[in-house]
Amino acid sequence: MEQRGRKARTPRQFWFALMVVFDILWRGATAQIRYSISEEVQDGTVVGNIAKDLGLDKSALKDRGYRIVTGSTEPLFQVNQNDGILYVKKIIDREEVCDRTSPCLINLKTVLENPLEIHYVAVEILDINDHSPVFTEKEKRLEISESALPGARFQLQAARDPDVGQLSIQQYRLSHNEYFRLEVKDRGEDLKVPFLVLQKQLDREKAGKHKLRLTAVDGGKPAKSGAIEITVDVLDVNDNSPVFTKELYSATLKENVSVDTVVIQVNATDLDQSANSEIIYSFGNEVDAKLKDIFKIDANTGEIKVIGKIDFEKSKSYEIDIQASDKGQVPLTTDKSVMITVIDVNDNAPEIEVTSFSSSIKEDSKIGTTVALISVRDLDSGINGKVICTIKEDVPFTLSPSLQENMYAVVTRSQLDREMVAHFEFTIIAKDTGDPSFSTEKTMSVVVSDVNDNNPEFLTSPYVFYITENNSPGASVCSVKASDRDESDNAVISYNILRDGSEGNKLTSFLNINSETGDILALKSFDFETLKKFQFQVVATDSGTPSLSSNVTVHVFILDQNDNAPVILYPVSSNGSAEGVEETPRNVNAGHLVTKVRAYDADIGYNGWLLFSLQEVTAHSLFGLDRYTGQIRTLRSFTETDEAEHKLLILVKDNGNVSLSATATVVVKLVEPREAFAAADVKSATKDDEDNNVTFYLMITLGSVSTLFLISIIVLIAMQCSKSTDYTSKYLQETNYDGTLCHSIQYRSGDKRYMLVGPRMSIGSTIVPGSHANTLVLPDRRGTSTEVRSKLLLSLLYDVEPDCFQVVATDSGTPSLSSNVTVHVFILDQNDNAPVILYPVSSNGSAEGVEEIPRNVNAGHLVTKVRAYDADIGYNGWLLFSLQEVTAHSLFGLDRYTGQIRTLRSFTETDEAEHKLLILVKDNGNVSLSATATVVVKLVEPREAFAAADVKSATTDDEDNNVTFYLMITLGSVSTLFLISIIVLIAMQCSKSTDYTSKYLQETNYDGTLCHSIQYRSGDKRYMLVGPRMSIGSTIVPGSHANTLVLPDRRGTSTEVRKLFAKTVACFY
């Protein structure tokens, strides 16, 4: 038995393998993967090598998670991840899987990840002849009236064979008899219905019963069959069958219609009478029981009604056999088929399936990066099954359709920014196009991961801190704080101070910063008197890769403390102590100024405001001390009883919170007047005369020396002008010059010196063709002709070309004739220069300034003046000033023409201590240009109400001495200049030489700055010598249009002067 089974299986497996190979070759040609296997094969049977057929790398299948995507049902196949071969997982019964569907296809979806790939594989289950035809009944009884005419047809029970195609029922065989023959009606879907056809009229008297055998045979090899016994009872009398009024009954029906809906009504008639003509309608005997659960027929009216659910997705049409029977003793029946077509309605919502999904994406991902893959489907058909997918929210994602129908990729459509939105939750809507439409929603959540794309940001910029002097070294003086909008390590910030070693950054060596907190420590104590403010830069760097940083400028202002005691300036004794002796005549009146105590305090404000007081005095009624100026005056006249010597102890203290002080001692000695004050008067008069005489003599001396100095200068100029005019013959040998020469300019760059010469041309000079009007041919006055290329100085200074030039027109005749014309070019101004702020200007170059004024100033006080200029002319350069922003409009006013800022009223205690003014400066051009300046006005407390008066008094006391001192300095200066001019004059006279050639052309050690040019007239022409000289080895700098000469540095080399640079230029008026 086992051997027979093996022998039978061997050819079957051979044919199966041959069919698989043929199917693979055929499918490959159509670029599709499709396999075929027979049903009932053993589990583990090889279906095909998917990896080989798809050209996949076998070694990467397992790493990329190669698998079959399955649903909730148990899979029928499995794939080997090592070699990519598809196997049968369990025995497959085609009839169980596909029922009667042909072909029976099982679609598999295989997935590869990293990167994601989806491949579709179709496996066709081939039928085998494993079922025999079967009739539902073993025996069938028919009643046929004897009046039945030949040709009458009687439908028999059809056999059922679960196999399909060629293996299903192929034919029916009826046992041999003379009365009946067999007809078979093919209804498709492997359904063949047998009919018993009467071919000879029955005679009940001859044969009241006929036994027939109906055999159903399938198309297998060998064929299988099934049989049923049919008994035909011959009835008498009723010999007319019902007849339907239509040849074909058909109807359309929408799915999901309500119960009791009438689908169609059939109608039949019978020529008999009485009960034999009454018709009863019913379903045919062969109608499937499932149809009877959906439809019913009214036996009397023939109406077919709906009693169950009509579902287009289960069946698109129904064919129902209707039987009309009369009520005769032997009822006659007629069969008719009714075709019902189901119309689809939109009753199924789309389904969304997520094939692949990545819940996190980097914020710097490129546009078009795939986040997820989804597939949608709708069981409806036609327009009802067409699905449109959209994303509900406004998010930076979009759906991109793939090549496979109803497959979409969720991709980024714009750049992501985690700092703006770190998490996206969006809904995918799948909506069909039916009416009414159905939709399905699927919510997805995507987290945006951080990358380091944000620089640290300081809370403010710049930082301004105020710290008091004498701070504790090592203590925190200020703190900066920065934030980073990134997260994790990308937001961890470290701080450091920028130390570039420049002169302005030397103080950073005394500062330290906590790299984590930003606290800034001072390593030394600051002194307001030596340092009032400084600035430095702090750099904040995050910990990302690569790291990002930003910096901020920190301004630190040192606040004054009362740490300096007053210093006594007068009186001061020879040993340095604050002691002095003053002699006062006894006959002075009350209010006489005995002396004045002078002192100063290095602090400012109240800390530097000094007050004077008498601590000790021998006679309080004799002397008084002004507490603000320090002046000691007599309170009354002296008497004979007053002591001859009085000691005064003066205390000088400041107004700090903890005041500091110093003391001075003044001893006042009373002396007797001599000869009723005559001697004193004579002495005083003599002293006054002496002072006046000294001043008078100094003024006379100064005037004399100044006169001599002027005379020497005049003589020097006259000598220079009287020099021989033989330069013409020596240098230019030309007597006809008519141009006025201008100055030359020389400058130094590195170890070389340069000279620019211009701006005019001499008569006889012609413009060289192709030289862009900067090459002049100057006749060599010594017999040769050379080319001098000179870009005119006017072009360098004003960005315009010369205002006039000449054009020469020459004919080609022999001799040629020519004429010239003067072309005047006038450049008109345009408003192309914005105003430039001259004041205020801060240290970093911006137009910002701080002005401090006392609180006690009156209305109209000049705070400051904004100065600006415009390089344009006329209306384009006419500037107007206006206040754009001001903290208090009632306090300050701005003159729109002069730029003066003045107070509009006196300040009150309620006024703020600081006011910011933004001034707009604009010109009057058609399209005006403007600039802005910022002035910060700080109100400060007045310092020493009488300090200015004290200084004025001291100045008045010293004026006489200062006049004498200044006269002496002036006299000394003028005398020195006079001596220098005499020495220069003598040196020039001694150095005169008739060999001008050697004097000007043979000098080898010149290293001075070029002086002004020298011009002179010879005949009707004028000439210029630019110089004083040009060094040997001077070369024209390439690219300078031949107007820049390189002069060797005379400090390093000694060469011979090769030539005298002479240039003649003419000016056209």
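Heads up: these notes are all about the structure in this document.

### Here's the deal with the pairing of strand S36 (residues 493-497)
Here S36 shows a clear split, with Ile493, Tyr495 and Ile497 buried on one side and none of Ser494 and Asn496 buried on the other. Looking at chain direction, S36 and strand S39 (residues 533-542) are connected through 5 bridges and run antiparallel. Residue Ile493 lies in a different strand from S39, and its bridge partner there is Asp542.

### Some remarks on the pattern of salt bridges
All told, the structure shown has 22 salt bridges when counted by the stated rule. Taking the shortest distance from any N to any O, the salt bridge between Glu229 and Arg213 comes out at 2.4 Å. Here the residue Glu229 occupies a position in strand S14 (residues 225-235), and Arg213 occupies one in strand S13 (residues 209-218), the gap between them amounting to 16 residues. Residue Arg213 is classed as partly exposed on the basis of its relative accessible area, which comes to 40%. Ionic pairing is found between Arg636 and Asp642, a salt bridge with its closest N-O pair at 3.1 Å. In this structure Arg636 comes out as partly exposed when scored by relative accessible area, which is 27%. On the basis of relative accessible area, Asp642 is assigned to the buried category, the value being 11%. Several salt bridges share partner residues, and in doing so they unite Arg418, Glu419, Asp450 and Glu487 into one network.

### Observations regarding the sheet that holds strand S61 (residues 880-886)
In space, the 4 strands of this open sheet follow the order S58-S65-S64-S61, with mixed pairing throughout. Both outer strands of the open sheet, strand S58 (848-854) and S61, are each paired with one neighbouring strand and no more. Across the sheet, the axes of successive neighbouring strands diverge by a mean angle of 30°, strand direction being ignored. Relative to strand S65 (residues 930-940), S58 is paired through 7 bridges, and the arrangement is parallel. Counterpart to Pro854 in the pairing with S65 is Val940.

### A short note on the state of the cysteines
The tally for this structure, following the rule as stated, stands at 1 disulfide. Disulfide pairing is shown between Cys98 and Cys104; the S-S distance is 1.7 Å. A torsion of 60° about the S-S bond marks the disulfide between Cys98 and Cys104 as right-handed. Under the relative-accessibility criterion, Cys98 is labelled buried at 11%.

### Observations regarding the sheet that holds strand S45 (residues 611-617)
The 4 strands lie next to each other as S42-S49-S48-S45, forming an open sheet whose pairing is mixed. Because the sheet does not close on itself, it has two edges, and the strands there are strand S42 (579-585) and S45. Strand-to-strand twist in this sheet, taken as the mean axis angle between neighbours without regard to direction, amounts to 30°. Pairing of strand S48 (residues 645-653) with strand S49 (residues 661-671), which is carried by 9 bridges, proceeds in the antiparallel orientation. Looking at S49, one finds that Glu645 is bridged to Lys669.

### Focus: unusual backbone geometry
The peptide bond linking Asn114 to Pro115 adopts the cis configuration, its omega dihedral lying at 0°. Among the secondary structure elements, Pro115 is positioned in the loop between strand S6 (104-112) and strand S7 (117-126). Residues other than glycine seldom take positive phi values, yet Glu40 does so here, at roughly 65°. Relative to the helices and strands, Glu40 resides in the loop between strand S1 (33-38) and strand S2 (46-49). Taking relative accessible area as the criterion, Glu40 reaches 32% and is therefore assigned partly exposed. Positioned with a positive phi, Asn256 is a non-glycine residue whose angle comes to about 65°. By the secondary structure assignment, Asn256 is in the loop between strand S16 (249-254) and strand S17 (262-265).

### Some words on the packing of aromatic side chains
Using the criterion set out here, one finds 13 aromatic pairs in the structure. Relative to Phe534, the ring of Phe526 lies with its centre 5.1 Å away and its plane at 35°, an arrangement referred to as tilted. A residue is classified by how much of its surface remains accessible, and Phe526, at 2% relative accessible area, is buried. Since its relative accessible area comes to 10%, Phe534 is described here as buried. Centroid distance Phe623 to Phe638: 6.0 Å. Interplanar angle 55°. Geometry classified as tilted. With a gap of 15 residues between them, Phe623 in strand S46 (residues 623-625) and Phe638 in the loop between strand S47 (631-634) and S48 connect regions that are remote in the sequence. The exposure classification of Phe623 matches that of Phe638, with both residues buried. Among the aromatic residues, those joined into a ring-pair cluster are Phe397, Phe424 and Phe426. A cation over a ring is seen here: Arg153 above Phe195, with NZ or CZ 4.2 Å from the ring centre. Taking NZ or CZ as reference, Lys524 lies 4.5 Å from the ring centre of Phe510, over its face.

Reading the values: rules and limits
- Throughout, a residue's number is its position along its own chain's written sequence, starting from 1.
- Since the coordinates come from a predicted model, pLDDT governs what is reported: local features require at least 70, and pairs of side-chain atoms require 80 or more to be given and counted, while whole-chain, interface and lining totals use all residues.
- Excluding hydrogens and water, the side-chain values take into account all heavy atoms of the structure.
- Exposure categories follow from relative accessible area, calculated using a 1.4 Å probe and restricted to protein chains: below 20% of the type maximum is buried, above 50% is exposed, and the middle band is partly exposed.
- By the criteria applied, helices consist of DSSP H or I runs no shorter than four residues and strands consist of E runs no shorter than two, each listed in order from the N terminus.
- One bridge is not enough; two strands pair if DSSP finds at least two bridges between them.
- Between Lys or Arg on one side and Asp or Glu on the other, a salt bridge is scored when a side-chain nitrogen of the former is within 4 Å of a carboxyl oxygen of the latter.
- Fitted lines through C-alpha atoms serve as axes, helices being fitted only where they are in contact, and the angles separating the N-to-C directions of these axes extend from 0 to 180 degrees.
- Pairs of cysteine sulfur atoms within 2.5 Å are what we label disulfides.
- Two rings from Phe, Tyr or Trp (for Trp, the six-membered ring) form a pair when their centres sit within 6.5 Å of each other. Planes less than 30 degrees apart are called stacked, planes more than 60 degrees apart edge-to-face, and all others tilted.
- Note on criteria: charge over ring means Lys NZ or Arg CZ within 6 Å of the ring centre, with the direction from the centre no more than 35 degrees off the ring normal.

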